[in-house]
Amino acid sequence: MSSRDVDVLVAGGGGFIGGHLVADLLKQGLTVRSVDVKPLDQWYQVHEGVQNVQADLSLRSDAFEQTAGAREVYMLAADMGGMGFIENNKAACMLTVLTSTHMLEAAKAAEVEGYFYSSSACVYAADKQTDAHVTALKESDAYPALPEDGYGWEKLFSERMARHFLEDFGLQTRVARYHNVYGPEGTWTGGREKAPAATCRKIAEAVISGNHEISIWGDGEQTRSFMYVDDCVKGSQMVLHGDSAVPVNVGSSELISINDLYTMVEEFAGIKCKRNYQLDAPQGVRGRNSDNTLVQEIYGWEPSITLKEGMEKTYRWVYDQVKAQG
């Protein structure tokens with residue numbers, strides 16, 4: 001085994017969560033290789049002092065080349081977006097399985113010490129998410145399997161594959177199921193943005209234009225929990241370095257309806273908007289929340305940044321982006 005060239009490989013480092021993770025790893029004094037399929041000028045954040053590489057990890061040769069010499073791997077690379085993207089690009093979401101497969105093979109070949117896979121709350125059975133007054137999702141609710149079509153199936157399959165690489169080859173795989181991560185430096189326009197950023201953008205546009213009228217996908221009564229990106233970064237590292245291979249929720253248990261999310265951001269902005277409900281727009285499941293019993297049991301931790309605190313920071317950042325775009 002050759003000596004390690006780099007402490008950590010972040011696959012998908014040009015993405016929203018990846019950019020924040022790389023920043024945190026750098027702060028700890030670790031050497032980082034950040035790899036993304038996007039050209040560098042499309043990365044959410046490009047950090048100095050990092051090996052920033054554009055490569056396509058869905059190709060086996062690129063996966064092996066970029067994983068070689070890494071001590072640990074964070075596998076965040078995926079073709080994904082908010083509900084509008086996921087519902088209309090199921091094949092593209094499924095094709096991420098190539099990246100998931102080749103990265104596991106590459107990590108095994110490179111004998112990495114730890115392999116983190118970012119799964120999603122979309123693995124959970126849809127029939128447990130039909131009511132806005134939700135029962136929070138616990139880890140065992142992923143089976144019998146009925147995940148989000150496309151994206152959720154790929155995530156659940158790749159979770160299983162990670163588990164079998166641990167059982168069959170001793171690769172130390174760890175899995176976290178993210179619940180709706182948001183924050184500054186994320187997607188806020190263009191069709192892949194998620195509800196928190198879309199909410200911030202619509203309210204910011206209303207403030208700047210003076211036209212206090214917005215459209216909301218669905219009736220606004222659908223419920224979710226949203227996790228601020230700093231909690232996600234912390235939780236991910238905790239799971240990778242923990243002793244448990246059991247997939248755990250990494251998500252906030254603070255439930256809110258989409259209508260209340262808009263009201264919260266309106267309060268930051270100091271305006272009230274007329275709401276037009278688009279009942280034929282993609283809405284995803286009716287209700288979803290994270291049951292944090294298991295993550296507290298195993299790690300003594302759960303996300304702690306309140307939605308109000310995180311959304312205020314996100315709104316200020318999105319407002320600045322909207323303003324800058326004129």
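What counts as what
Residues numbered from 1 in each chain as written. Predicted model: local features only at pLDDT ≥ 70, side-chain atom pairs only at ≥ 80, totals over all residues. Heavy atoms only, no water. Axes fitted to C-alpha atoms, helices over the stretch in contact; angles between N-to-C directions. Helix = DSSP H or I, 4+ residues; strand = E, 2+ residues; numbered from the N terminus. Parallel < 35°, antiparallel > 145°, perpendicular 65-115°, else oblique. Left-handed = near helix turned anticlockwise from the far one by under 90°. Contact = heavy atoms within 4.5 Å. Nonpolar A, V, L, I, M, F, W, Y, C, P; charged D, E, K, R; others polar. Salt bridge = Lys/Arg side-chain N within 4 Å of Asp/Glu carboxyl O. Phe/Tyr/Trp six-rings, centres within 6.5 Å; stacked < 30°, edge-to-face > 60°. 1 Å grid on protein atoms, 1.4 Å probe; cavity = no way out; pocket = protein on both sides within 12 Å on 5 of 7 lines; lining within 4 Å. Points joined across faces, edges and corners; volume = space filled by probe spheres on them. Pairing = 2+ DSSP bridges. Buried < 20%, exposed > 50% of the residue type's maximum accessible area, 1.4 Å probe, protein only. Arc of directions from axis to C-beta.

Trainee: Looking at this model, I keep getting lost on the packing of helix 2 (residues 60-67) against helix 5 (residues 97-109). Mind explaining?
Mentor: Packed helix pairs are specified by the crossing angle of their axes together with the interaxial distance, meaning the distance between the axes. Relative orientation of the contacting elements helix 2 and helix 5 amounts to 40°, with a least axis distance of 8 Å. With respect to helix 5, the element helix 2 is oriented oblique. Considering the relative orientation of helix 2 and helix 5, their crossing is right-handed. Taken together, the residues of helix 5 that come into contact with helix 2 (itself represented by Arg-60, Ala-63, Phe-64 and Thr-67) are His-102, Met-103, Glu-105, Ala-106, Ala-107 and Ala-109. When grouped by side-chain class, the residues that make up the contact of helix 2 with helix 5 number 6 nonpolar, 2 polar and 2 charged.

Trainee: What's the story with the pattern of salt bridges in this structure? I'm lost.
Mentor: Two side chains carrying opposite charge are able to pair once their charged atoms lie near each other. Under the criterion given, the structure shown has 20 salt bridges. Among the ionic pairs, Arg-71 bridges to Asp-7, the shortest N-O distance being 3.6 Å. Linking Arg-71 in strand 4 (residues 70-75) with Asp-7 in strand 1 (residues 6-11), this pair joins segments that are 64 residues apart in sequence. Across the pair Lys-38 and Asp-36 runs a salt bridge whose closest N-O atoms are separated by 3.0 Å.

Trainee: Even after reading the chapter, I still don't get the packing of aromatic side chains, so can you show me in this structure?
Mentor: Both the distance between ring centres and the angle between the ring planes are used here to describe each pair of aromatic rings. What the rule picks out here adds up to 5 aromatic pairs. Measuring from ring centre to ring centre gives 5.1 Å for Phe-165 and Phe-169, while their planes differ by 70°; the resulting arrangement is edge-to-face. Here Phe-165 and its partner Phe-169 are both found in helix 6 (residues 151-169), 4 residues apart, which amounts to about one turn of the helix. A network of ring pairs unites the aromatic residues Tyr-74, Phe-116 and Tyr-178 as a single cluster.

Trainee: In this structure, what is going on with the layout of surface pockets? I would like to understand it.
Mentor: If a probe as big as a water molecule is rolled over the atoms, it shows which places are left empty. There is about 230 Å³ of room inside the second largest pocket. Along its surface, the second largest pocket is lined by 13 residues, and Glu-159, Arg-163, Ala-245, Val-246 and Pro-247 are the ones closest to its centre. If you list the elements that add at least two residues to the lining of the second largest pocket, you get helix 6 and strand 6 (173-178). By residue number, the principal contributor to the lining of the second largest pocket is helix 6, which donates 4 residues.

Trainee: I tried to follow the sheet that holds strand 5 (residues 114-120) on my own but got confused; where do I start?
Mentor: Sheet strands pair by backbone hydrogen bonding; their relative direction is either parallel or antiparallel. Taken in spatial order, the 7 strands make up an open sheet running 3-2-1-4-5-6-11, and their pairing is parallel. Strands at the two margins of the open sheet, each flanked by one partner only, are strand 3 (51-54) and strand 11 (248-250). Each strand of the sheet is rotated relative to its neighbour by a mean of 20°, with strand direction disregarded. Here 4 bridges tie strand 4 to strand 5, and the two strands are oriented parallel to one another. When the sheet's bridge partners are listed, Met-75 is paired in strand 5 with Tyr-117. Of the strands in this sheet, strand 4, strand 5, strand 6 and strand 11 are in contact with helix 8 (residues 229-240), which crosses strand 6 at around 155°.

Trainee: I would appreciate a short explanation of helix 2 in the present structure.
Mentor: Note: α-helices contain 3.6 residues per turn, so residues at a spacing of three or four share the same orientation. Within the span of helix 2, buried status applies to Asp-62, Ala-63, Gln-66 and Thr-67. Seen end-on, helix 2 carries its buried residues on one side only, within an arc spanning 115°. Exposed residues lying more than 90 degrees from the buried face of helix 2 are Ser-61 and Glu-65. Contact partners of the buried residues in helix 2: strand 1, strand 2 (32-36), strand 3, strand 4 and helix 5. Downstream of helix 2 by a residue or two, Gly-69 has a phi angle that is positive, lying close to 85°.

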